[in-house]
Amino acid sequence: MNNIRRLFEISKKTDRRIIGLMSGTSLDGLDIALCQFNGSGLSTEVKLLNFITIPYPQDFKEDIKGIFSKETISLEKLCLLNEKIGIVHANYINRALSEWNIKAEAVDAIASHGQTIFHAPFSKHQDPNYTNATLQIGDGDHIAVNTGIVTISDFRQKNIAAGGEGAPLAVYGDYILFNTPSHSTVLLNIGGIANITFLPSATSKGTMFSTDLGPGNTMLDQFMQRKYQLYFDKDALYAKKGKVNQDLLNLLLDDLFFSLPLPKSTGPELFNLKYLDSRLAKLQNGNLSNEDILATLCELSAIAISRAIKDLKEKVILIPSGGGVHNPLLMERIKFYLPETTLRNIEDYGITADSKEAVLFALLANETLSGETINFKTETVKNICMGKVSFPQ
Ligand SMILES: Nc1ncnc2c1ncn2[C@@H]1O[C@H](COP(=O)(O)OP(=O)(O)OP(=O)(O)O)[C@@H](O)[C@H]1O
Ligand SMILES: CC(=O)N[C@H]1[C@@H]2OC[C@@H](O2)[C@@H](O)[C@@H]1O[C@H](C)C(=O)O
C-alpha cells in the first residue's frame, strides 16, 4: 500500500497496537512493551499485552559505553552504532514477536526512543552560542525496514525545537494515564536518573510539571562496575553493609544542579564517577570502604528524590517505577524521608514498574498517529506531538 495512505489508515483507527521501546541510561537492555490503545488524548485507554526486557550482550554494552555520555569519542564509532543499534533493536523486536506468536502485520507501529548518547541541556554546557541539545541514536529506518512495521522515533528533538530541554517527556503519558482530580499524584521513575511528574489535584495550587531530580541508580551502577565488575548492586547487598558518610554526602549534594529551579534535566554526563572522585578527593578523613561509598550514594539518591517531593508541600500519592524500585535500601530510605506520603503500586494501574517508560513512548506514538495535540495549558509542558515517521518500504 502507498505509504502515506497506510499512515492515514493507521491514523483513522480508534484502536491501535503499538510496540514501545526503551533503552535507558543503565544500558541493561531493550525494554519492549506491546500495548493495545483505545482512543487518544484524554480518553486514551491502554492495556499492556506483553512485555520483555532483552538484555544486551556484554560486548554490545561495552561498545555503547565507549561513546555513551563521553566528551570525546570516535566519530566513526558513533556513525557505526547509529545503524547497528537500529538493526539490533529490530532483531530483538522480531524475536519478541515470534516468542509471543504475533505477526508483524498485527502491529500498527513501533515507538522507538533510541539510545541516548549525550544529553546537554543549557545548564550542562552553559555556552550561550548553543541551545538545549540531546542525541538519541539507533535510526528508525533500520527498525521499520527490518521489522516491516511503521516506526516513530527520535521524540526528543521536537520538544527542544519547541523550547523544552528534550527531557523528561514522561509528563505527557503520566498526565493522560494517571491524572486524578481527587488527589495530587507524583509519578517517580528511578532509572539511571530519577525523575518525577507532578499531577496536581483539582484543588491544588500547584501546576503540572515533570523534572529530573538527580541520580537514581547511575552512580551506584558505575561504582559497582568499577570496584566489583558487577553491573549493579543486586538487592543492595553491598550498600546495606556500609554506613552513610555525612561529609561525603554533603559534598555530593554540593552541585549547581541541585539548586537550579524545577523543571530541569540531567544525565550521566554530570552524575558519573568523575563527579564522585572529585568529591572523594576533597574528603578530609577519606578512609571509606566501598560499602560506605555505596551506602552514601544510595542516600544521595534518596535525598534528591524525597527533597523534591517534600518541597511540593502537599499531600500526594506517590507511584514509583523503574529499576530502582527493586533496590530495597533505596526504597527504605525514600520512605524514611517521606513518612507522610502514601505509596501506590504501579501494577494496580495495569503497568509494571519495568515497562512504564516503554509504555509511555508507545503512548507518545499513539498521540502522534492520532494527529491531534493536547492543550496542556501550562508553560512547562509544550503542546506538541513528537517523533519522526519511518516506513518499511
Ligand atoms: N534487584 C535490584 N536491586 C538493586 N537495584 C536494581 C535491582 N533491579 C534493578 N535495579 C537497578 O535498576 C537499574 C535498571 O533500571 P532501569 O531499567 O529503569 O533503568 P534505565 O531505563 O536504563 O534508566 P533511565 O530511566 O534513566 O533511562 C539497574 O541498573 C539497577 O541499578
Ligand atoms: C535524555 C534522556 O534520555 N533522558 C532520560 C533519562 O532517563 C530518566 C531521565 O533521564 C529522563 O530525563 C529521560 O527519560 C524519561 C523516559 C523521560 O523523558 O521522561
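Throughout, a residue's number is its position along its own chain's written sequence, starting from 1. Both sets of labels track the order of writing: A upward for chains, 1 upward for ligands. In view of the model being predicted, local features appear only for residues whose pLDDT reaches at least 70, and side-chain atom pairs are presented and counted only at 80 or more, with totals across whole chains, interfaces and linings using the full set of residues. With hydrogens and water stripped out, all remaining heavy atoms of the structure feed into the side-chain values.

By the naming in an unreviewed UniProt entry, the protein goes by Anhydro-N-acetylmuramic acid kinase and is assigned to Pseudopedobacter beijingensis. UniProt positions are given in the numbering used here, feature names are shortened, and annotations may be inferred rather than shown by experiment. What UniProt records for the protein under Catalytic activity (unreviewed entry) is the sentence "1,6-anhydro-N-acetyl-beta-muramate + ATP + H2O = N-acetyl-D-muramate 6-phosphate + ADP + H(+)". Taken from UniProt, the Function (unreviewed entry) comment for the protein reads in full: "Catalyzes the specific phosphorylation of 1,6-anhydro-N-acetylmuramic acid (anhMurNAc) with the simultaneous cleavage of the 1,6-anhydro ring, generating MurNAc-6-P. Is required for the utilization of anhMurNAc either imported from the medium or derived from its own cell wall murein, and thus plays a role in cell wall recycling."

1. Describing the overall build of the protein
Think of it this way: any DSSP run of H or I at least four residues long counts as a helix, any run of E at least two long counts as a strand, and we number them from the N terminus. Within the protein one finds 14 helices and twelve strands. The size measure is the radius of gyration over C-alpha atoms, and the globule rule it meets is 2.2 Å times the number of residues to the 0.38 power. Taken against the 2.2 N^0.38 rule, which gives 21 Å for 393 residues, the C-alpha radius of gyration of the protein at 21 Å falls within 12% of a compact globule. Principal-axis analysis of the C-alpha atoms gives the protein an extent of 70 × 55 × 45 Å. Think of it in three bands: with a 1.4 Å probe and only protein chains considered, a residue is buried below 20% of the maximum accessible area for its type, exposed above 50%, and partly exposed in between. When burial is assessed residue by residue, the protein has 55% of its 393 residues classed as buried. Counting only contacts in the protein whose residues sit at least 6 apart along the sequence, the fraction spanning at least 24 positions is 69%. A 1.4 Å probe and the Shrake-Rupley method give the accessible areas. Residues count as covered only by the protein chains that appear here. Of the roughly 17,500 Å² of accessible surface on the protein, a fraction of 51% belongs to carbon and sulfur atoms. Should any heavy atoms of two residues lie within 4.5 Å, those residues are counted as being in contact.

2. A few points about the site of ligand 2
A cutoff of 4 Å decides nearness: a residue is near a molecule or strand if any of its heavy atoms lies inside that distance of it. In the vicinity of ligand 2 lie 15 residues, with Thr116, Arg156, Leu169, Ala170 and Asp212 positioned nearest. Definition of a polar contact: a pair of N or O atoms within 3.5 Å, with one able to donate and the other able to accept a hydrogen when the atoms are protein atoms, and with sequence-neighbouring residues admitted only if both atoms are side-chain atoms. Backbone polar atom of leucine 169 to an oxygen atom of ligand 2: 2.7 Å apart, as the coordinates give it. At a separation of 2.8 Å, an oxygen atom of ligand 2 approaches a polar side-chain atom of aspartate 212. When isolated, ligand 2 has an accessible area of 430 Å², and the protein chains bury 97% of it. Elements represented by at least two residues in the shell around ligand 2 include exactly strand S4 (109-120), strand S5 (133-137), strand S8 (193-199) and helix H14 (356-370). When residues in the shell around ligand 2 are grouped by element, the largest group, three residues, is from S4. Under the convention adopted here, Pro, Cys and the residues Ala, Val, Leu, Ile, Met, Phe, Trp and Tyr are nonpolar, Asp, Glu, Lys and Arg are charged, and Gly plus all remaining residues are polar. Counted by class, the shell around ligand 2 contains six nonpolar, six polar and three charged residues.

3. Some remarks on the UniProt feature "binding site: ATP" (unreviewed entry) in the protein
Annotation from UniProt places "binding site: ATP" (unreviewed entry) at Gly24, Thr25, Ser26, Leu27, Asp28, Gly29, Leu30 and Asp31. If you trace the backbone, glycine 24 turns up in the loop between strand S1 (15-23) and strand S2 (29-38). Checked against the element boundaries, aspartate 28 lands in the loop between S1 and S2. Beyond its immediate sequence surroundings of up to four residues, aspartate 28 is in contact with Pro55, Tyr56 and Lys61.

4. Concerning the site of ligand 1
Around ligand 1, the surrounding shell holds 21 residues, and the nearest of these are Thr25, Ser26, Gly192, Asp221 and Asp235. With respect to ligand 1, the backbone of glycine 192 contributes an N or O atom lying 2.8 Å from an oxygen atom. Protein chains shield 89% of the accessible area of ligand 1, which is 660 Å² for the free molecule. Here the shell around ligand 1 is built from residues that sort into three nonpolar, twelve polar and six charged. Boundaries between domains were set according to an automatic or database domain assignment. Both domains that meet at the shell around ligand 1, namely domain 1 (3-167 + 357-390) and domain 2 (170-349), each give it at least three residues.

5. Thoughts on the pattern of salt bridges
Between Lys or Arg on one side and Asp or Glu on the other, a salt bridge is scored when a side-chain nitrogen of the former is within 4 Å of a carboxyl oxygen of the latter. One pass over the structure, following the stated rule, counts eleven salt bridges. Arginine 333 is the partner of glutamate 299 in a salt bridge, and the nearest nitrogen-oxygen pair spans 2.8 Å. Of this pair, glutamate 299 sits in helix H12 (residues 290-311) while arginine 333 sits in helix H13 (residues 328-337), placing them 34 residues apart in sequence. Accessibility classification places glutamate 299 together with arginine 333 in one group, the buried group.

6. Focus: the packing of aromatic side chains
When the centres of two rings from Phe, Tyr and Trp lie within 6.5 Å, Trp using its six-membered ring, the rings pair. Their planes under 30 degrees apart give stacked, over 60 give edge-to-face, and anything left gives tilted. Scanning the model with the defined rule gives 13 aromatic pairs in all. Measuring from centroid to centroid gives 5.5 Å for tyrosine 175 and phenylalanine 376, while their planes differ by 70°, and the two rings are edge-to-face. Residue tyrosine 175 is found in helix H7 (residues 170-178), and its partner phenylalanine 376 is found in the loop between H14 and strand S12 (388-390); the two are separated by 201 residues along the sequence. With a relative accessible area of 21%, tyrosine 175 lands in the partly exposed category. A centroid spacing of 5.6 Å and a plane angle of 50° characterise the contact between phenylalanine 258 and phenylalanine 271, whose relative ring orientation is tilted. Highlighted residues: phenylalanine 258 in helix H10 (residues 256-259) and phenylalanine 271 in the loop between H10 and helix H11 (273-282), separated in sequence by 13 residues. No difference in accessibility class separates phenylalanine 258 from phenylalanine 271, as the two residues are buried. Every member of this aromatic cluster is reached through a ring pair, and the members are Phe257, Phe258, Phe271 and Tyr275. One Lys or Arg, lysine 241, reaches over the ring of tyrosine 238 and ends 5.3 Å from the middle of that ring. Counting as a charge over the ring demands two things of the Lys NZ or Arg CZ atom: a distance within 6 Å of the ring centre and an angle within 35 degrees of the ring normal.

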